Amino acid sequence: MRRAGALAFLLTAAAAVHPGRAAAQILQQPQPQYTAAQSFVPQAQYYLLTTDAFDARSLWVQPAGLTRRREASISALLTASHDSTTTVGQYGLTLASGGLGLGWQHDRLPNGGSVNAYAVGLAAGNPRVGIGADHRWYKGTNTHTGSWDIGGRYEALPTVELSLVWRDLGSPNINGGTINATMVPGAALQLFNAHAQIGADWEIVTHGWNTSAVRIGAGVKLPMHLMLNLRSEMDGSFNSRSFSIALGWNGNGARVVGFGTQQRGAAPDEVGLWGAAVSTPLQRRRRFGG
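Keep in mind it's a predicted model, so treat the numbers as computed, not measured.

Parameters and conventions
- Residues numbered from 1 in each chain as written.
- Predicted model: local features only at pLDDT ≥ 70, side-chain atom pairs only at ≥ 80, totals over all residues.
- Heavy atoms only, no water.
- Helix = DSSP H or I, 4+ residues; strand = E, 2+ residues; numbered from the N terminus.
- Buried < 20%, exposed > 50% of the residue type's maximum accessible area, 1.4 Å probe, protein only.
- Contact = heavy atoms within 4.5 Å.
- Areas by Shrake-Rupley, 256 points an atom, 1.4 Å probe, with all protein chains shown as cover.
- Phe/Tyr/Trp six-rings, centres within 6.5 Å; stacked < 30°, edge-to-face > 60°.
- Lys NZ or Arg CZ within 6 Å of the ring centre and 35° of its normal.
- Patch = residues over 30% accessible without salt bridge, like charges linked within 9 Å, V, L, I, M, F, W, Y side chains within 5 Å.
- Salt bridge = Lys/Arg side-chain N within 4 Å of Asp/Glu carboxyl O.
- Core = buried A, V, L, I, M, F, W, Y, C linked by side-chain atoms within 4.5 Å.
- Pairing = 2+ DSSP bridges.
- pLDDT = per-residue confidence, 0-100.

## As for the overall build of the protein chain
Scanning the protein chain from terminus to terminus reveals 3 helices and 16 strands. Looking at the 290 residues of the protein chain, the share that counts as buried comes to 53%. Residue pairs in contact within the protein chain that sit at least 24 positions apart in sequence constitute 49% of those at least 6 positions apart. Here the protein chain displays about 12,900 Å² of accessible surface, and carbon together with sulfur accounts for 62% of that area.

So this is what it looks like as structure tokens:
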């Protein structure tokens, strides 16, 4: 019961907070249904919780996760949006080694413009505890700005991990849309000798301290080095906002993940692929996802 207490507290507290605006909604009124700022989402944030990040994708999700594994990698991503048509709207590269991460992501905007994000992250720690930060520069159509992410993680028990990320510090303005800064506490519980994991993130807009989103996810290791992840995102009233499914393969020297996200409202559905060439991991213990 104590191991599940962190998850219970997280969900109970989220339900008590008044629903707020989504993290990527613009602050000004009137607001269109789908904004330029909402179109910019790092790919890994479509399907991962903060406690899921253990490799180069940590640079875009939880910078403290860069020290969870002792490995070096080069990875690439590709995302396509599906509305009335299917269009490739996002691609990028990430380099990571130890606690250092370098990334670039290119996004096409709904108005026909585009924006590039360049990220540098640094983390310190080990597989059990870590702290990290990254800085992002955004350049593109009507965009020249930057932001910070600061994160920390802690293995409170052998089967319980806690996470905290302060995202988008500086509230960057992307082509007229402001991405609000958010605080994201998270917790995960491992089951069946680390062959399965459940977790939750609670996203809070720090401007007004309202709930932006509640995310609940689960993952399970499958035969043949496969791993299945499911994630549901809801607003502060627990109304469904999106559902994601991801299937990954973790082999010797390579890692590949494909995902699909079905979204409600005006935002288009997303499908994508991420792949990495990875050096032989050297770590003292393996956790879920490894």
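Further notes follow.
## Considering the environment of Ala44
Summarising the element assignment, Ala44 is placed in the loop between α2 (36-39) and α3 (58-61). For the pair Ala44 and Leu273, spaced 229 residues apart in sequence, the C-alpha separation works out to 10.0 Å. For Ala44, the residues in contact, after removing those within four places along its chain, are Arg57 and Val61.

## Quick word on unusual backbone geometry
Its identity is not glycine, yet Asp168 carries a phi of approximately 55 degrees, on the positive side. You can see Asp168 is positioned in strand β7 (residues 160-169). Backbone geometry places Asn193, a non-glycine residue, at a positive phi of 60 degrees. Position of Asn193 relative to the elements: it lies in the loop between β10 (182-191) and β11 (196-205).

## Some points on the packing of aromatic side chains
For the structure shown, the criterion picks out 4 aromatic pairs. Ring centres of Tyr46 and Phe259 lie 6.0 Å apart, and the angle between their planes is 15 degrees; on these two criteria the pair is classed as stacked. Highlighted residues: Tyr46 in the loop between α2 and α3 and Phe259 in strand β15 (residues 254-263), separated in sequence by 213 residues. Across the pair, Phe259 and Tyr46 agree in class, each one buried. Consider the rings of Tyr91 and Trp104, whose centres lie 5.8 Å apart with planes at 70 degrees: the pair is edge-to-face. Of this pair, Tyr91 sits in strand β2 (residues 86-97) while Trp104 sits in strand β3 (residues 100-108); the two residues are 13 residues apart in sequence, bridging distant segments of the chain. Owing to a relative accessible area of 30%, Tyr91 belongs among the partly exposed residues under this scheme. The exposure class assigned to Trp104 is partly exposed, which follows from its relative accessible area of 25%. What links up through ring pairs into an aromatic cluster is the set Tyr46, Tyr47 and Phe259. The ring of Trp274 has Arg57 lying over it, and the distance from NZ or CZ to the ring centre is 4.2 Å.

## Thoughts on a nonpolar patch on the surface
On the surface, a nonpolar cluster with roughly 710 Å² of combined accessible area is contributed by Ile74, Leu95, Leu100, Leu102, Tyr118, Val120, Leu122 and Trp137. Counting only elements with at least two residues in the nonpolar patch, the list comes to β3 and β4 (114-125). Take Val120: it is sitting in strand β4.

## Some points on the nonpolar core
One finds Tyr47 and Trp274 to be the most contacted residues of the largest nonpolar core, which totals 14 residues. Taken together, the elements giving at least two residues each to this core come down to β15 and β16 (269-278). Discounting residues that sit within four places of it in the chain, Trp274 has contacts with Gln43, Tyr47, Asp55, Arg57, Ser75, Ala76, Leu77, Arg255, Val256 and Val257.

## Description of the pairing of β4
Sheet faces and side chains relate simply in a regular strand, where the side chains alternate between the two faces. Across 9 bridges, β3 lies against β4 in antiparallel orientation. Opposite Asp107, over in β4, you have Val115 as the bridge partner. Between the end of β3 and the start of β4, which pair antiparallel, lie 5 residues, with Gly112 showing a positive phi angle near 100 degrees. Relative to strand β5 (residues 129-140), β4 is paired through 11 bridges, and the arrangement is antiparallel. Paired with Tyr118 across the two strands is Trp137, which belongs to β5. Between the end of β4 and the start of β5, which pair antiparallel, lie 3 residues.

## Considering the pairing of β10
With respect to burial, β10 is a largely interior element, 9 of its 10 residues being buried. Pairing of β7 with β10, which is carried by 8 bridges, proceeds in the antiparallel orientation. Within the sheet, the bridge partner assigned to Leu162 lies in β10 and is Ala187. Bridge count for β10 against β11 is 8 bridges, and the pairing is antiparallel.

## Some details on the confidence of the model for the protein chain
In this model, the protein chain carries an average pLDDT of 86, and 84% of its residues clear a pLDDT of 70 or more. Overall, residues 1-36 carries pLDDT values under 50, and its contacts beyond four positions in sequence, including any with other chains, amount to 88 contacts.

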